[in-house]
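Chains, contacts and geometry: an overview
Residue-level listing of the chains:
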Amino acid sequence: MASPGDKAFSNLESLGYTHGPSLMRWEHLRLVKRVHDQYRLSGEKVRNFVRTGEFEVDPGEKPPEPHQILHAGALWLLPCVRFAGALPNSEASERQGTQQALEFLSAAVHQAPSASQYEIRVLMCECYLNLGVTAKARSELARIIELAGTTGYGAAVRLLARLGVTSLHEVELLERAIKGIAHLDMSAEIAAAWKNGGRSLLEKTLKQDGKPSFYIASTALGRYILSYHLQHGDGFYLWSDARDELMLLEASTENNEITQAHLTAVVSIASQSLLTGWIADSADHFRDSVKVKNEGSDRLGQLLHWLMNEPPTIADLQWITAEALPALRKSEWAPYKDDQTLGHTMTDFLQRLLIISAQSTASFPRVTPISSSLIESFYDENPYPIWSNAGTYGMGVYNSYDQYLKEYLPRSQHGLLNVLVKQERILLAGCGSGHQMALALAQYKNSHVTGMDLSKTNLQYAHWRMRELFPTSSRWSLCQGDLTQVTAETALCASGQFDVIECCGVLHHCDDPTTALKALVSALRPGGILLLGVYSAVGTERVRECIRWIHQKFNMHDAYHPTLSDIRKIRDEIEKLPTSSTVKQVLCGQLSFYSTSAFRDMLFHPCAHYFSLSELKELVDMCGLGVLSFSFDSIQDDIRTRLEYSSLSSSDCEMCSWDVWKKVERRGGIRQSLPWHNILLQKPKE
């Protein structure tokens, strides 16, 4: 009899998902890949164990330890159960599958050595939470905290965010985690755990130690937001509220002792303001009170307080370049010289500030003529995206793009790359400020990645971040170019055509998308792969309704370029709308609502095209490209649309028919998905 997990997997398989690495496109399904990576166990053997309770060992093969088999069974089972939960009427099966995984884990933890128990107990805690057994989940969390080391903080913080912080022991773990996992993109988990009991407990402890209220608040705030980009949702409002609270405390305290904890809080808040483009306005009396309180402080301290609320002036930028940064780099500036972490954070903050303000002097080879001057100036003034963490945690790592494709598309009848050279050449056409480049370098460890962009400011930001993240790597390069002007003869292709081109979020901002796509295809070698991401006319319908509402409400024309003051005013009006308002529901749910750069890009871009599937098919056919895969960025959206597709064409396992996808679109099957068409294409082989 098939187990709940086996049923769940069979349902996923029927929609075109196959067991193993092809599922790895979804972050949480990295657990399945660890079955092989961690224990070197065959996925099919583990699946048979889940189904039958017996693990088959080949002749001459060393049998794995019992706890390894049990752990692997849970690792295989949980993702299939979790994501099969997106299927209709699957709640009971999902619960049964979770209980079965919990039985495996409970048996495994009693047989595993202590060094192997941490990961098993983390999964047990998650199972208890998913089953609603909070008391047992918290009991497991206590054991997890005892076992947590440097590499274990991330999982513990995720669990704290769900369970809440209720003990000083957990507060201590959260503080260690904040200091120890700055390289991970865990701002949402940190914010949730801190809000869910962490901060109040820390303040209670500090009060018991006889610390004054100003010290308590600034210490708590500084520890909470140091080094994190709390860009959206709860995180955004937590740090902006923290800023207002800190300014009120400064204004009401007669004799503030400027402690390092206080400086940390100020620098951290200023960093958050910079990353969000100072989009969060504060009341004028807050700014005025801060200005008065800091008239006698050093210029850098006074500037930092100003930067918590407002962008720098030209005079500020000139002073930072000439005096502040050189002094910080030489560790000559008290009080920053006595705290290396704070000094590094200050230096990083000021460097980022100069680059975003177009004050960097880095230059890049121009590989094509530039014809899109309007778009170039838009991004020079508005670098996008402004990012801090690459968010590579949990990503699959592949030797090559070719390996990724063969795992991602195991059923494809098309020939894939079959690259004969040792190092693939990947072009990111419209690389922006480098976030996509960081992901590609982390994911494809033997590929060379070239980033091309119109904007020098974007390229300067990308160059700085790549040097920070990949200081010794020779696998990346940056150049300035216009993708509408690319040909096989331009300097971009001096070393030959590219094996892979990724063009995501760029083609729809070109004056002539057809010319742009043809230009990209000319730079792609025969048999090469093109990943294309463009706006969906259906998926962006509600956002475009919001754009029309904004233009009408504020009497703006289509080409209007809003100032920071305009954007703050628009956001303020939107936040005042009733919760039932469609405009508020749509825009406040977008990441772009919480950053000046992204807000302009989403709602005020000077050139944007939106494609129906029919229009996109015409464009792709015109360029002679074959379709390998349609995909969505969300597993729930992907499963839902595949269900819709399979109801129309159950025999098409590749799901690459334009006609069927157009029927899905007409029936509303794509309406709620992310506003993108993501399509993997291939150039014909000669």
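Values in this document were obtained by computation on a predicted structure and should not be read as measured data.

A look at the overall build of the chain
Looking only at helices and strands, one finds 29 helices and seven strands in the chain. Across the 686 residues of the chain, 57% fall into the buried class. Considering only contacts in the chain between residues 6 or more positions apart, those separated by 24 or more positions represent 77%.

Overview of the sheet that holds strand 6 (residues 626-631)
An order of 3-2-1-4-5-7-6 is seen for the seven strands of this open sheet, with the pairing classed as mixed. Lying at the two open borders of the sheet, with one neighbouring strand each, are strand 3 (476-480) and strand 6. On average, each strand axis in the sheet is inclined to that of its neighbour by 20°, with strand direction left out of account. For strand 4 (residues 498-504) and strand 5 (residues 524-535), the ladder comprises six bridges, and the chain directions are parallel. Within strand 5, the position partnered with Cys 504 by the bridge is Gly 533. Sheet strands in contact with helix 22 (residues 513-522) are strand 1 (425-429), strand 4 and strand 5, and its direction is about 150° off that of strand 5.

A look at the side chain of Thr 450
Here Thr 450 shows up in strand 2 (residues 448-453). Not counting the four nearest positions on each side in its chain, Thr 450 is found in contact with Ile 426, Leu 427, Leu 428, Met 437, Ser 477, Cys 479, Leu 492 and Phe 498.

Regarding the pattern of salt bridges
Applying the stated rule across the entire model yields nine salt bridges. Taking the shortest distance from any N to any O, the salt bridge between Arg 568 and Glu 310 comes out at 3.1 Å. With Arg 568 in helix 24 (residues 564-576) and Glu 310 in the loop between helix 15 (299-307) and helix 16 (314-329), the pair connects residues that are 258 residues apart, well separated along the chain. You'll find Arg 568 and Glu 310 in the same group, each marked buried. A salt bridge links Asp 572 to Lys 576; the nearest nitrogen and oxygen atoms lie 3.1 Å apart. Pair noted here: Asp 572 and Lys 576 are both in helix 24, with a separation of four residues, about one helical turn. Given a relative accessible area of 58%, Lys 576 falls into the exposed group. One network of salt bridges, in which partners are shared, links Arg 121, Glu 140 and Arg 143.

Overview of the pairing of strand 4
Regular strands place side chains that alternate from one sheet face to the opposite one. The element strand 4 is extensively covered by neighbouring structure, given that six of its seven residues are classed as buried. Two elements, strand 1 and strand 4, share three bridges in a ladder whose sense is parallel. Bridge pairing links Leu 427 to Ile 501 in strand 4. As a crossover connection, the stretch from strand 4 through helix 22 into strand 5 is right-handed.

A closer look at the confidence of the model for the chain
A residue-level look at the chain finds 69% of positions with pLDDT of 70 or above and a mean pLDDT of 76. For the chain, helix 11 (residues 213-225) is the element with the lowest average pLDDT, namely 47, and strand 2 is the one with the highest, namely 95. Across residues 212-218, where pLDDT falls below 50, the model places 21 contacts with residues more than four positions away in sequence or in other chains. Counting contacts from residues 290-297, a segment whose pLDDT is below 50, to residues more than four positions away or on other chains yields 13 contacts.

So, the packing of aromatic side chains
Remark: the centre distance and the inter-plane angle together describe each pair of aromatic rings, the angle taken between the planes. In total, this model carries 13 aromatic pairs according to the counting rule given. Arranged with centres 5.0 Å apart and planes meeting at 85°, the rings of Phe 378 and Tyr 379 form a pair that is edge-to-face. For Phe 378, a relative accessible area of 4% puts it in the buried group. Note on Tyr 535 and Tyr 610: the rings are 5.2 Å apart at their centroids and 15° apart in plane angle, and the pair reads as stacked.

So, helix 21 (residues 456-469)
What sets the pattern is the α-helix's 3.6 residues per turn: residues three or four places apart point alike. Across its 14 residues, helix 21 extends 20 Å between first and last C-alpha, which sits within 8% of the 20 Å expected from 1.5 Å per residue. Turning to helix 21, its buried residues are Thr 457, Asn 458, Leu 459, Gln 460, Tyr 461, Ala 462, Trp 464, Arg 465 and Met 466. One side-chain oxygen of the residue at the start of helix 21 lies 3.2 Å from the amide nitrogen of Thr 457, identifying that residue as Ser 455.

Overview of the state of the cysteines
Per the stated rule, a full pass over the model turns up zero disulfides. Free of any disulfide, Cys 607 has its nearest cysteine sulfur in Cys 510, 7.3 Å distant.

Describing the side chain of Ser 597
Relative to the helices and strands, Ser 597 resides in helix 26 (residues 596-603). In this structure, Ser 597 is in contact with Asn 382, Pro 383, Tyr 384 and Ile 386, ignoring residues within four places of it in sequence.

What about the environment of Ile 356?
Along the polypeptide, Ile 356 turns up in helix 17 (residues 340-356). We classify Ile 356 as buried; its relative accessible area is 16%. Once the C-alpha coordinates of Ile 356 and Tyr 461 are considered, the two residues, 105 residues apart in sequence, prove to be 7.1 Å apart. When sequence neighbours within four positions are dropped, the list of residues in contact with Ile 356 reads Leu 274, Pro 383, Ile 386, Thr 457 and Tyr 461.

Side note on the environment of Leu 427
With respect to the helices and strands, Leu 427 occurs in strand 1. Sequence separation between Leu 427 and Cys 503 is 76 residues; the distance between their C-alpha atoms is 8.4 Å. In this structure Leu 427 touches Thr 450, Met 452, Leu 492, Phe 498, Val 500, Ile 501 and Glu 502, once residues within four positions along its chain are discounted.

Notes on the environment of Asp 482
By the element assignment, Asp 482 lies in the loop between strand 3 and strand 4. The exposure class of Asp 482 is buried, given its relative accessible area of 2%. For the pair Asp 482 and Val 367, spaced 115 residues apart in sequence, the C-alpha to C-alpha distance is 8.3 Å. Those residues in contact with Asp 482, other than ones at most four positions away along the chain, are Thr 368, Pro 369, Ile 370, Ser 371, Ser 372, Met 452 and Leu 454.

What counts and what doesn't
- Residues numbered from 1 in each chain as written.
- Predicted model: local features only at pLDDT ≥ 70, side-chain atom pairs only at ≥ 80, totals over all residues.
- Heavy atoms only, no water.
- Helix = DSSP H or I, 4+ residues; strand = E, 2+ residues; numbered from the N terminus.
- Buried < 20%, exposed > 50% of the residue type's maximum accessible area, 1.4 Å probe, protein only.
- Contact = heavy atoms within 4.5 Å.
- Pairing = 2+ DSSP bridges.
- Axes fitted to C-alpha atoms, helices over the stretch in contact; angles between N-to-C directions.
- Salt bridge = Lys/Arg side-chain N within 4 Å of Asp/Glu carboxyl O.
- Right-handed = clockwise from strand over helix to strand, strands pointing away.
- pLDDT = per-residue confidence, 0-100.
- Phe/Tyr/Trp six-rings, centres within 6.5 Å; stacked < 30°, edge-to-face > 60°.
- Expected span 1.5 Å × (residues − 1).
- Polar contact = N/O pair within 3.5 Å; in protein donor to acceptor, adjacent residues only side chain to side chain.
- Disulfide = S-S within 2.5 Å.

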